[in-house]
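Structural overview for review
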Amino acid sequence: MIIGTGLATLILLGALLPGLGAGVLALPLALLLSAGAVVALTAVKKYQFDQTWGTTELVLSPDGATMAGRHSQLHIRWDHIRFLGKADLVRAGRFTFGPVMARLLAELASAAARRRGRPALIGIATMKVAAETPSVVKSQIGQNIAFRRIDPQTGHTLTAIPLTIFDEHWDRGRIGEWIMAYRPDLAPGR
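Residues numbered from 1 in each chain as written. Predicted model: local features only at pLDDT ≥ 70, side-chain atom pairs only at ≥ 80, totals over all residues. Heavy atoms only, no water.

Quick look at the overall build of the protein
Along its length, the protein carries five helices and seven strands. Secondary structure elements in the protein, listed N-terminal to C-terminal, are α-α-β-β-β-β-α-β-β-α-β-α. Sorting the 190 residues of the protein into buried and exposed places 35% on the buried side. When the accessible surface of the protein is split by element, carbon and sulfur atoms take 63% of a total near 10800 Å². (Helix = DSSP H or I, 4+ residues; strand = E, 2+ residues; numbered from the N terminus. Buried < 20%, exposed > 50% of the residue type's maximum accessible area, 1.4 Å probe, protein only. Areas by Shrake-Rupley, 256 points an atom, 1.4 Å probe, with all protein chains shown as cover.)

Below is the structure:
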């Protein structure tokens, strides 16, 4: 999303600045302003991420898996986990502004920059968000929820707990042991 926004800003400014009399300085000025937009957006997204997930812990219990953070708590019971799949903590947004060509280019750049996801427990979860959570963090949580898939069996929204953010080798460690104990059908290689 950030790279796509920077590219869209560059294209937009590159088209506008010559018409405003910037002349030879149009391209360098467009590059500088676009870089500034990317830096600012990166700072905002990092702040949102850190505020939402920066201190998050994974708590495993006989009841299920819980991502417990400063502002929110996400819990999936073992029997509500549907599958082991791919997911990420923060999902890129959609571009809904600007000329069609600029939106298309921004979407293409954003899609190229997106990660393919991390191994995750995916299922039907309950989420609690603390009342004192800053609005920018609530906005990020809302954006993430809006892009989730629906379970075709129940019609409920599916939620993910990415495992490699807690342990890069989760399948050979404590997390893998919990999964083997409570949901051996989900264990890798089965």
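Description of the environment of aspartate 79
Mapped onto the elements of the fold, aspartate 79 is located in the loop between strand 3 (72-77) and strand 4 (81-87). Of the residues examined, aspartate 79 reaches a relative accessible area of 47% and is grouped as partly exposed. Taking C-alpha positions, aspartate 79 is 8.8 Å from aspartate 63, a pair spaced 16 residues apart along the chain. For aspartate 79, the side chain forms a polar contact with the side chain of arginine 77, separated by 2.6 Å. (Polar contact = N/O pair within 3.5 Å; in protein donor to acceptor, adjacent residues only side chain to side chain.)

With respect to the sheet that holds strand 7 (residues 159-162)
Overall, antiparallel pairing links the three strands, which are arranged 4-5-7 in an open sheet. Looking at the sheet topology across the chains shown, the edges are occupied by strand 4 and strand 7. Pairs of neighbouring strands in the sheet enclose a mean axial angle of 35 degrees, with direction left out of account. Examined bridge by bridge, strand 4 and strand 5 (residues 118-123) share six bridges and lie antiparallel to one another. Looking across to strand 5, one finds that glycine 85 is bridged to alanine 120. (Pairing = 2+ DSSP bridges. Axes fitted to C-alpha atoms, helices over the stretch in contact; angles between N-to-C directions.)

Brief notes about the side chain of arginine 183
By the element assignment, arginine 183 lies in the segment after helix 5 (174-182). If we skip the residues at most four places from it in the chain, arginine 183 touches Trp78, Asp79, Ile81 and Trp178. (Contact = heavy atoms within 4.5 Å.)

Brief notes about the nonpolar core
Looking at soluble globular proteins, one finds that nonpolar side chains tend to be buried together. Core analysis: the biggest nonpolar cluster contains 15 residues, and Leu121, Ile161, Ile175 and Ile179 have the highest contact counts within it. For this core, the secondary structure elements donating two or more residues are strand 1 (57-61), strand 2 (64-68), strand 3 and helix 5. Residues in contact with isoleucine 161, not counting those within four places in the same chain, are Leu58, Ala65, Thr66, Met67, Leu74, Ile76, Pro119, Ala120, Leu121 and Phe166. (Core = buried A, V, L, I, M, F, W, Y, C linked by side-chain atoms within 4.5 Å.)

Considerations on the packing of aromatic side chains
Following the criterion strictly, the structure yields two aromatic pairs and no others. Summarising the aromatic geometry, the rings of tryptophan 178 and tyrosine 182 are spaced 5.5 Å apart at their centres and angled 15 degrees between planes, so their arrangement reads as stacked. You can see tryptophan 178 and its partner tyrosine 182 sitting in helix 5, four residues apart, about one turn around the helix. Given the relative accessible area of 34%, tyrosine 182 is considered partly exposed. Through pairs of rings, three or more aromatic residues link up here, namely Trp78, Trp178 and Tyr182. (Phe/Tyr/Trp six-rings, centres within 6.5 Å; stacked < 30°, edge-to-face > 60°.)

Here's the deal with the pairing of strand 7
Every second residue of strand 7 is oriented toward a common face, with Thr159 and Ile161 on one face and Ala160 and Pro162 on the other, all of them buried. Note: strand 5 against strand 7, four bridges, orientation antiparallel. For alanine 120, the partnering residue across the bridge sits in strand 7 and is proline 162.

Some remarks on a nonpolar patch on the surface
On the surface, Leu29, Leu32 and Leu33 cluster together into a nonpolar patch covering about 270 Å² of accessible area. By the secondary structure assignment, leucine 33 is in helix 2 (residues 26-53). (Patch = residues over 30% accessible without salt bridge, like charges linked within 9 Å, V, L, I, M, F, W, Y side chains within 5 Å. Salt bridge = Lys/Arg side-chain N within 4 Å of Asp/Glu carboxyl O.)

Examining the pattern of salt bridges
Under the definition given, this model contains two salt bridges. As a salt-bridge pair, arginine 77 and aspartate 79 come within 2.6 Å of each other at their nearest N and O atoms. Here arginine 183 ties to aspartate 185 by a salt bridge, and the two come within 2.8 Å at their closest N and O atoms.

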